[in-house]
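Each chain, letter by letter, is given below.
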Amino acid sequence: SRLAVGSGPGDVHGEASPTAVAAAGDGVAEVALQDRSLYSLDDQGLSQNAYIEEFRASLLVGLKRHFRFKSAEGLLSKASLRILDFACDASLSRPASPLNLWSTIHHDIKHRGVVKFSAAAHLQLRRMHRSLLRLTARGASCDQLLRWLLLPAIQHTSNMLKHRLDRVALTVLEVALELWLALTASPQARMIRHSHNPTSVILQGELKSQAAAVWQFITNRQVEAPDEFASLQTHRVQLAVARRQLAFVEHMAEVGAVDESAAEALHERAEHRLYRLESRGPHWSAPSLVDIVRRQPCFADQGDAMLLWLRAYADLKSYMPGQCIVPRKRSSPPGIFIVLRGLVKVDVLLGSLPETHYVGVGGSVGFISSTLRSDVKSITLKSAYAQVKGP
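Residues numbered from 1 in each chain as written. Predicted model: local features only at pLDDT ≥ 70, side-chain atom pairs only at ≥ 80, totals over all residues. Heavy atoms only, no water.

Things to note about the packing of helix H9 (residues 198-224) against helix H10 (residues 226-255)
In step 1: Packing of H9 against H10 brings their axes to within 5 Å, and their N-to-C directions diverge by 110 degrees. Looking at the two axes, H9 sits roughly perpendicular to H10. Contact residues: Ile218, Arg221, Gln222, Val223 and Glu224 in H9; Pro226, Glu228 and Phe229 in H10.
In step 2: A per-class count over the contact of H9 with H10 returns four nonpolar, one polar and three charged. (Axes fitted to C-alpha atoms, helices over the stretch in contact; angles between N-to-C directions. Helix = DSSP H or I, 4+ residues; strand = E, 2+ residues; numbered from the N terminus. Parallel < 35°, antiparallel > 145°, perpendicular 65-115°, else oblique. Contact = heavy atoms within 4.5 Å. Nonpolar A, V, L, I, M, F, W, Y, C, P; charged D, E, K, R; others polar.)

Below, the structure is given as C-alpha cells:
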C-alpha cells in the first residue's frame, strides 16, 4: 500500500498492488484460519479474557510474519526487524495486557545506554570544540599548538558519534513507518477491522490507539527533520522502481522482445542495482552546526570567519521535553535560538490573535526581537518550549 502522508491515523489511501496481495495471501489465509479456530474455542466455552488473549497472541504472531515478509522483500532493514520482533515478543509474553508495541519500542530506543551516552558525549565534544575555538581566537602560540593537537581528534570523534546518532534516528523513523503501516494496512489489521465480534472491537481500539501514538511521532519527525523523512521515502520509492524494472526485463525476455544476451545483460544490471539499494539502505546525515548557521537568512552572506566566530561564542544548551526556553515574562529580548536537534513549540501573538508554531532542525526563534532590541507589536514572541529531544 502507498503511505498517504498527511492523512490521520488509521486512514490509508490507495490500493495494494496485485503482486503485494498475492504475496501476502498466506498471511491473510493464516489470519482467517486463526480467526475461525478462535470462534471454535469460544464455542467450547472459553472465558472472555482467555479468548481475547488468544486473539491478541494470534494478531502478534501475524504481525511478526508480516514484518519478516517486508524484510525479505528488502523494505525493512535488519536492525528495524530486530526492534519490531522484540516488541512483538515482549507483548506476546504479556497476552493479558493491551497491545503496547510503541511504548516498548520507544523505551528500548530512548533508554538504551549506548544511545544516551553517545548523545551526551557528542554534546560535550561540541562544547570542547567551542572552547578550543575561543582559546585560539586570542592568537597565542601555545593556544594554536593546543588547537593543532586536540582539534582533529575531537572533530573525528564527534563525527563518529554524529553518524551513529543519525543512523539511530533513521532506524527509529523506519520502525515507526513500518509499524504504522502494519497497524493500519496489514492483512492482520484489515481482518480485525472487518470483523464485528466484541473481541475484534476491543482489538480495533488497541490498534487505533497504537496507530495514533505512532502517527504523532512520525508527524513530529517530519516537522523536525523533513530531509530525514524524505530520504527514507525516496529509498522506498527507489526499491519499488528497481523491482518493477527487474520484472519488466523478465517479461520482455519471456515474450521475446529482446534476445537472450541482451536480456541477460539487462537482468544483471537491474539485479545489481536492486542489490546495492537493499544492502546500502536509506541514507541521511544531519546537517553540521556551521551548515545550520549558514542557512539562517541574516548569516547567509557571511564569510567563514564570521561563522567560526559564531561557532566559538554561541552557547550550546540542552533542554528536556517540556522545559521552557523563552519565558513568558522577561525584561529583555530572549536572544536568538537556533534548533540543532529536536522540536520546539513557539507561541506568538499576531496582533491580538495567538498562534502556535513548531520549529525543527535549522529553525530559529527571536531574530526580529533581538535585532530591533524589543518585541514588535504586530508579532510578539510569547514563549517557547522544548517538545521532543533526539535521538
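A short note on the packing of aromatic side chains
In step 1: Taken as a whole, this structure holds four aromatic pairs when the rule is applied.
In step 2: Ring geometry for Trp180 and Trp215: centres 4.7 Å apart, planes at 35 degrees, overall tilted. Taken as a pair, Trp180 in helix H7 (residues 141-185) and Trp215 in helix H9 lie far apart in primary sequence, 35 residues in all.
In step 3: Looking at Trp180, the relative accessible area reads 0%, which means it is buried. (Phe/Tyr/Trp six-rings, centres within 6.5 Å; stacked < 30°, edge-to-face > 60°. Buried < 20%, exposed > 50% of the residue type's maximum accessible area, 1.4 Å probe, protein only.)

Notes on H9
In step 1: Its 27 residues give H9 an end-to-end C-alpha distance of 40 Å, which sits within 8% of 39 Å, the value for a rise of 1.5 Å per residue.
In step 2: Looking at where H9 begins, the residue whose side-chain oxygen comes 3.1 Å from the main-chain nitrogen of Thr199 is Asn197. (Expected span 1.5 Å × (residues − 1). Polar contact = N/O pair within 3.5 Å; in protein donor to acceptor, adjacent residues only side chain to side chain.)

Looking at a nonpolar patch on the surface
In step 1: A surface patch of nonpolar side chains, amounting to about 360 Å² of accessible area, comprises Trp148, Leu149 and Leu150.
In step 2: Topologically, Leu150 is positioned in helix H7.
In step 3: For Leu150, a relative accessible area of 38% corresponds to the partly exposed category. (Patch = residues over 30% accessible without salt bridge, like charges linked within 9 Å, V, L, I, M, F, W, Y side chains within 5 Å. Areas by Shrake-Rupley, 256 points an atom, 1.4 Å probe, with all protein chains shown as cover. Salt bridge = Lys/Arg side-chain N within 4 Å of Asp/Glu carboxyl O.)

Focus on a negative patch on the surface
In step 1: On the surface, a cluster of negative charge is contributed by Glu250, Glu254, Asp259, Glu260, Glu264, Glu268 and Glu271.
In step 2: Every element with two or more residues in the negative patch is listed here: H10 and helix H11 (260-280).
In step 3: Ranked by residues supplied to the negative patch, first place goes to H11 with four residues.
In step 4: Position of Asp259 among the secondary structure elements: in the loop between H10 and H11.
In step 5: With relative accessibility at 48%, the residue Asp259 sits in the partly exposed group. (Lys, Arg positive; Asp, Glu negative; His and termini not counted. Charge placed at Lys NZ, Arg CZ, Asp CG, Glu CD.)

A few points about the environment of Leu316
In step 1: Mapping Leu316 onto the fold places it in the loop between helix H13 (304-313) and strand S1 (324-326).
In step 2: Residues Leu316 and Leu123, 193 residues apart in the sequence, show an inter-C-alpha distance of 8.0 Å.
In step 3: Ignoring any residue separated from it by four or fewer positions in sequence, one finds Leu316 in contact with Leu123, Arg126, Arg127, Arg130, Leu289, Arg311 and Leu340.

Some words on the pairing of strand S4 (residues 353-359)
In step 1: For strand S3 (residues 343-350) and S4, the ladder comprises seven bridges, and the chain directions are antiparallel. Counted as the bridge partner of Val346 is His357 from S4.
In step 2: In this structure, the hairpin formed by S3 and S4 is closed by a connection of two residues, where Gly351 is found at a positive phi of approximately 75 degrees. (Pairing = 2+ DSSP bridges.)

A closer look at the nonpolar core
It is characteristic of soluble globular proteins that their nonpolar side chains tend to be buried jointly.
In step 1: Counting 46 residues, the largest nonpolar core has Phe67, Leu101, Ile105, Leu179, Val214 and Ile218 as its most contacted members.
In step 2: Those elements that place two or more of their residues in this core are helix H3 (48-72), helix H4 (78-92), helix H5 (101-110), H7, helix H8 (187-193), H9 and H10.
In step 3: Take this core: its biggest share by element is 14 residues, from H7.
In step 4: Residues contacting Leu179, with those up to four places away along its chain left out, are Phe67, Leu84, Leu101, Trp102, Ile105 and Val214.
In step 5: Core analysis: the second largest hydrophobic core is formed by 11 residues, Val326, Val346, Ala384 and Ala386 among them. (Core = buried A, V, L, I, M, F, W, Y, C linked by side-chain atoms within 4.5 Å.)

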